[in-house]
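# Observations on the three-dimensional arrangement
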Amino acid sequence: MEKIKSSRLRKFNCWLAWLTLTLFVVFAVAGYGITNPKITSALTGGLFVRSVSLYLHLNLAFPIMTLVTIHVLIGIESVLTGWGVKEGRLLYAFLITLGVFTVALLAIMQYFIS
């Protein structure tokens, strides 16, 4: 049972990493589209005009950081169990608390401190 869970978690983490990378590339292109809209619009076939680039760049920051946080927490869980920390409620409660705290800080910084 442990191997199945570990395999599924590793597959999910890999899928999550690819999704995060894809969103980050869109985020970076959108950021470049804000500063240099003519080139970005030409390279993307008119898809990333300045207004779309600004919208995407402002609204993708929080989801990307949330996905990165989940990805890192899965990695921390894997490392801690590899070091011999017993899997159980205490470990998962710690990781969930850390994740909720981090995402809450990100949300505060994104939406309330501007």
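Residues numbered from 1 in each chain as written. Predicted model: local features only at pLDDT ≥ 70, side-chain atom pairs only at ≥ 80, totals over all residues. Heavy atoms only, no water.

In a regular helix each residue adds 1.5 Å, so 24 residues correspond to 34 Å; helix α4 (residues 89-112) covers 33 Å between its end C-alpha atoms and thus fits that length. Of the residues making up α4, those classed as buried are Leu91, Leu95, Gly99, Leu106 and Ala107. (Helix = DSSP H or I, 4+ residues; strand = E, 2+ residues; numbered from the N terminus. Expected span 1.5 Å × (residues − 1). Buried < 20%, exposed > 50% of the residue type's maximum accessible area, 1.4 Å probe, protein only.)

The subject of this paragraph is a nonpolar patch on the surface. Nonpolar side chains collect at one region of the surface, where Phe101, Leu105, Ile108, Met109, Tyr111, Phe112 and Ile113 lie side by side and expose about 790 Å² of accessible area between them. Checked against the element boundaries, Phe112 lands in helix α4. (Patch = residues over 30% accessible without salt bridge, like charges linked within 9 Å, V, L, I, M, F, W, Y side chains within 5 Å. Areas by Shrake-Rupley, 256 points an atom, 1.4 Å probe, with all protein chains shown as cover. Salt bridge = Lys/Arg side-chain N within 4 Å of Asp/Glu carboxyl O.)

Interaxial distance between helix α3 (residues 50-82) and α4 falls to 10 Å at its minimum, and their mutual angle equals 160 degrees. Relative to α4, α3 is oriented roughly antiparallel. Considering the relative orientation of α3 and α4, their crossing is right-handed. On α4, the residues touching Leu58, Ala61, Phe62, Met65, Thr66, Thr69, Leu73, Ile76, Glu77, Leu80 and Thr81 of α3 are Leu91, Tyr92, Leu95, Leu98, Gly99, Thr102, Val103, Leu106, Ala107, Gln110 and Tyr111. (Axes fitted to C-alpha atoms, helices over the stretch in contact; angles between N-to-C directions. Parallel < 35°, antiparallel > 145°, perpendicular 65-115°, else oblique. Left-handed = near helix turned anticlockwise from the far one by under 90°. Contact = heavy atoms within 4.5 Å.)

Another point: the environment of Phe94. Looking at where Phe94 falls in the secondary structure, it is placed in helix α4. As a C-alpha pair, Phe94 and Glu77 span 17 residues in sequence and 10.0 Å in three-dimensional space.

Looking at where Ser53 falls in the secondary structure, it is placed in helix α3. If we skip the residues at most four places from it in the chain, Ser53 touches Ala30, Gly33, Ile34 and Phe48.

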